[in-house]
Structures are given as C-alpha cells and as structure tokens.
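So the chains spell out like this:
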Amino acid sequence: MTDSTLITEADCALLERLARQDSSAMSEAYDRFSGVVYSIACRVLRPGAEAEDVVQEVFIKLWNRAAAYNRSLGTPLTWIITMSRNQAIDKLRSLQRRSAVLLEHPEDLPESAEKEETQTHAVLDDEKAALIRQALHVLPRDQKHAIELAFFSGLTQMEIAEHLKEPLGTVKARIRRGMLRLRQPLAELREA
Amino acid sequence: MLTEHQEEQASLYALDLLPESEVAAFQRDLLAKPELQQLVEDLRLCREVVVLESTTLRPPDHLKSSILQAIHESKAPLSKKTAQATTSKPSSLTLLRLAVPWSLAACLTLLAVWLQHEGQTRQIVLNRLNAENLAQRKTITELREKTETLNANIAQLESRNLVQAGTIAQLRATSPQAGPWTPSTVSVLWDKTRQEGLLVLSQMPAAEPGKIYQLWVIDPEAGGPISAGTFEVQADGSARILFRPSQRIRQAAQFAVSLEEGGAKEQPQGPVILAGAGL
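Residues numbered from 1 in each chain as written. Chains lettered and ligands numbered in written order. Predicted model: local features only at pLDDT ≥ 70, side-chain atom pairs only at ≥ 80, totals over all residues. Heavy atoms only, no water.

**Some points on the overall build of chain A**
Then comes step 1: Tallying secondary structure elements over chain A gives nine helices and one strand in all.
Then comes step 2: Moving toward the C terminus, one meets the helices and strands of chain A in the order α-α-α-α-β-α-α-α-α-α.
Then comes step 3: For chain A, buried positions account for 51% of its 192 residues. (Helix = DSSP H or I, 4+ residues; strand = E, 2+ residues; numbered from the N terminus. Buried < 20%, exposed > 50% of the residue type's maximum accessible area, 1.4 Å probe, protein only.)

What follows is the structure, encoded as structure tokens:
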C-alpha cells in the first residue's frame, strides 16, 4: 500500500466522521485541508475577506455534505479541491471581478498572507506526487500558465484564448501538452 | 490507444474546463475505456500537485475558531432540545404532540430523499434514452441518404441500360400545316430486347370527340407500320404510355402518331400528325 493510499483511506475515514457530525473531526479536517482551500481561494480571489469567506463556506459545506461523498467523485482531496474552486469562482462571479490569477505577475499577491512551506507534502506525500512536482518545475512557462488559467481563472476556453491572444486550438493544445508532460513520469513509472 | 482529441478532453475534464455540453458524452466514453479512466485519474493527481504547488498560503489563525464556533452553533439548538427532553417527564399528550410533528418531518424527509433519488435515476435514464434516440435518428438519416444515393445510382444505371439496349426517338409535327399538334416534347424510348417502349409527351391537345391518337412503329422488314396501340392525353396535355406493339419488331426505324376516327385501326387511315426516326 502506498503512502497516498494510506492518506486517501485516512481522509475517507475523516469524512465518515464528519458525516456523523463529529466535531473533533472538523477540527482535524480544518488542520489538514484549510491550507489547500485558502490557497485556492486566494489564487482565485486574492487574500482577504472574500477568500476567508470562501474557506468558511467550504468547511460548513463539508460539515453538512460529508455524507454525500463517494469514491466515484475521486479522492477526498480531489473532492475538496473541486468544491473550493467552485465556491471561489462563484464568489468571484458574484463580485463581478477578475480572478487573481489573471494578474501579470503572480507574485503581486499581497504579502500579508503568511506563506507555508511545502504544503504538498502535508496532503500528498508519495512517490507519484514527487515525480509530478519535478515535472512541474521544468514545465514550459506558457504551458504552466495555461493550466493555471484553466483552473483558477473561472474563464471559459474561449475567454482564456482571448486573454492570451492566441487561437482556441493553440490554447487547448497547450493545456493538453502541459498536462500530458506532467503525467509522463507516472506512465513511465507504471511501465517500469 | 487514445486519440489526441480524447487526451485533450481528458485534460480539460480534469481541470473542470470541459464545456457542460461535452461532459455527458465524455463521461460515457470514460465508462467504456479503462485507459481513459487511468488517464483522467493521473491528470487529476497532476492537477492536485499544480494546485498545491502554485500557492502555499496559511489562513489567518482566527478563521478556525470562527468556523468551529459556527458549526457548534448549528448543532446547539438540537442539543438543548434533547437535554430538555431527557430531564423532564412529559405527559403522554405532550409526547404525542412532540412525536407527531417529528414523525411527519421524518416521513417528509424520507419522501424528499426518495423523490430526489428517484428523480436523479430517472434523469440518468432519460439522458441515456435521449442519447440513444439521437444516435438512432442519426443512423436513420444516414441510411436514408444512402438509400437515396443508391436509388439515384440504380435509376441512372437503368436509364443507361435502356439507352444502350434500345432506341430513342424524338417525334415532331409532320408539317407546319399539321394543325394544333405541336407538343413541346414527344419522346419514345424503345427497348428492343423486351419488345416494349415508353411514349412520353406534354402540351398535346386532346383528340377531338370521336377521334383517338394511335402510335405506330415503322419496321422496314415488316412491310408496313405496326400498331403500338391507341392513347389519350390527360387534361394538362401530358401522357406517359408504356406500349407493346402488336407483333415482333426487328428494327424500330421510325415512330409515328396518327389521328384515327372511331378507334384503333390495323393500318393508319387518318392523318399522321407526328413522326420521328430512332436516334
């Protein structure tokens, strides 16, 4: 059994406790996932009151809907990431603002938020994640940017193409190539 | 082996960027292809790493306590009521008063859950049936188009076959003084093998009362015109007559139409108004 399998099983058990309305499980879930949820909210909305609102809304949703989780939705982490992204984008649209990821320089994010080291290790610590991290560090900038826009901006494919001033086909191909390049080490690992 | 299109859709799907209109079809594809399932699973893991690596921010400390407080408050009213119910000794009537609304609420909740589940199941079945219906309609349309193409090919081949096996003749008025018989087109198709022909004409005036048109085939080897039968034109002046001459034709050199009094004749007696040689 790999580390990630262990993590997934532990996360599933945590969700089961949340479904039984176990308050101590909520404290553990917060310690485990709040960094992920807040990071996504900040990437979409910038750090601030709205991002904090999103964190609160996501955890209350998690408390009320943990029983609705099933494994066909992916791992608990996948489910929580999707929920956080959707909640943040809904908030973004209600505010009629542009996503923070559309800033020219991502480092423009305010420094008021405390940075946490290697969050990935805390929730995804295994060989596969390490391989993907390595691939991510050497991913061409344009492909990484296209992937981040796809996930964090809340824009449609066409809007991303307009933002990048590139044809739609180029944008789709860029996203595909970037994602497949990240996945390449996993395929090689499987073949080995 | 997955196509580039499938890889592209899997990438967009993993990033929640696949348009709503394409999601259902992709999910059907996903169910049928284990290789695609593996790809999506891997790409989701990639997405998770991208998300976790892109920003690593820690939420403000006060947030945890406010969330836990909100959750505690959402549980509180129920806890208080439970406590009251266990510490006092209610009468049977009070118990009944409490039990009836709660039972009703429980029933309604169960009913709502069941209806929601039932609705979702029906929606899934409906979506599947719609997809099947759409696919079948597409197949029917394709088959219709193929049938039309085949029919057109058959008609073309039959027409060619008729032309190759037989004779075509264009009939014209025999003289400018022939009268009102100046139809726009009079054609005869003659199939020598089957010994039958087709007379097609339009804008031909109807024969006068007591008279009738008679078609003749001129075979030089027969020694005289051979009757191919009488005919009438329709109210709009058109006619489409399949005819078989009264005896075997060796060579259909010419066709003619005469106007006969009373009925069919063995040899033309009335004026020959239209005639034309085989091409």
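Next comes the rest of the write-up.
**Section: the overall build of chain B**
Then comes step 1: Scanning chain B from N- to C-terminus turns up five helices and 10 strands.
Then comes step 2: In chain B, the share of contacts with a sequence separation of at least 24, taken over all contacts with a separation of at least 6, comes to 58%.
Then comes step 3: When the accessible surface of chain B is totalled, it reaches about 17900 Å², and 56% of it is carbon and sulfur. (Contact = heavy atoms within 4.5 Å. Areas by Shrake-Rupley, 256 points an atom, 1.4 Å probe, with all protein chains shown as cover.)

**Section: the interface of chain A and chain B**
Then comes step 1: Taken together, the 63 residues of chain A in the interface contact 42 residues of chain B.
Then comes step 2: For the chain A and chain B pair, buried surface summed over both sides reaches about 5000 Å², with 67% attributable to carbon and sulfur atoms.
Then comes step 3: Taken as a group, Tyr30, Arg176 and Met179 of chain A account for 13% of the area that chain A buries against chain B, more than any other trio of residues on that side.
Then comes step 4: In this structure, the connection of chain A to chain B is made through six salt bridges.
Then comes step 5: Counting across the chain A and chain B interface gives 11 residue pairs in polar contact (both at pLDDT 80 or more).
Then comes step 6: If one sorts the elements of the side of chain A that touches chain B by residue count, helix H2 (residues 23–45) of chain A sits on top with 13 residues.
Then comes step 7: Looking at side-chain class alone, the side of chain A that touches chain B contains 33 nonpolar, 16 polar and 14 charged residues. (Buried area = accessible area lost by both parts, 1.4 Å probe. Salt bridge = Lys/Arg side-chain N within 4 Å of Asp/Glu carboxyl O. Polar contact = N/O pair within 3.5 Å; in protein donor to acceptor, adjacent residues only side chain to side chain. Nonpolar A, V, L, I, M, F, W, Y, C, P; charged D, E, K, R; others polar.)

**Examining the packing of H2 of chain A against helix H3 (residues 49–65) of chain A**
Each packed pair of helices is defined by two parameters, the angle between the axes and the distance between the axes.
Residues and elements named next belong to chain A.
Then comes step 1: At a closest axis distance of 8 Å, the pairing of H2 and H3 adopts a crossing angle of 140°. In terms of axis orientation, H2 runs oblique to H3. You can see that H2 and H3 cross each other, and the crossing is right-handed. In this structure, H2 uses Ser23, Met26, Ala29, Tyr30, Phe33, Ser34, Val37, Tyr38, Ala41, Cys42 and Leu45 to contact H3, whose residues at the interface are Glu50, Ala51, Glu52, Val54, Val55, Val58, Phe59 and Trp63.
Then comes step 2: Looking at the contact of H2 with H3 residue by residue, the classes come out as 15 nonpolar, two polar and two charged. (Axes fitted to C-alpha atoms, helices over the stretch in contact; angles between N-to-C directions. Parallel < 35°, antiparallel > 145°, perpendicular 65-115°, else oblique. Left-handed = near helix turned anticlockwise from the far one by under 90°.)

**Points about the packing of helix H7 (residues 141–152) of chain A against helix H8 (residues 157–164) of chain A**
Residue and element names in this part refer to chain A.
Then comes step 1: Relative orientation of the contacting elements H7 and H8 amounts to 135°, with a least axis distance of 10 Å. Comparing the axis directions of H7 and H8 gives the class oblique. In this structure, the crossing between H7 and H8 has a hand that is right-handed. Across the interface between the two elements, His145, Leu149 and Ala150 of H7 pack against Ile160, His163 and Leu164 of H8.
Then comes step 2: Taken together, the residues that form the contact of H7 with H8 break down as four nonpolar, two polar and no charged.

**A word on the confidence of the model for chain B**
Residues and elements named next belong to chain B.
Then comes step 1: Per-residue pLDDT for chain B has a mean of 80; in total, 82% of the residues score no lower than 70.
Then comes step 2: Summarising per-element confidence for chain B, the mean pLDDT is lowest in helix H4 (residues 62–87) (64) and highest in helix H1 (residues 4–14) (93).
Then comes step 3: Here residues 77–90 is modelled with pLDDT under 50, and outside its nearest four sequence neighbours on either side it reaches one contact, counting other chains as well. (pLDDT = per-residue confidence, 0-100.)

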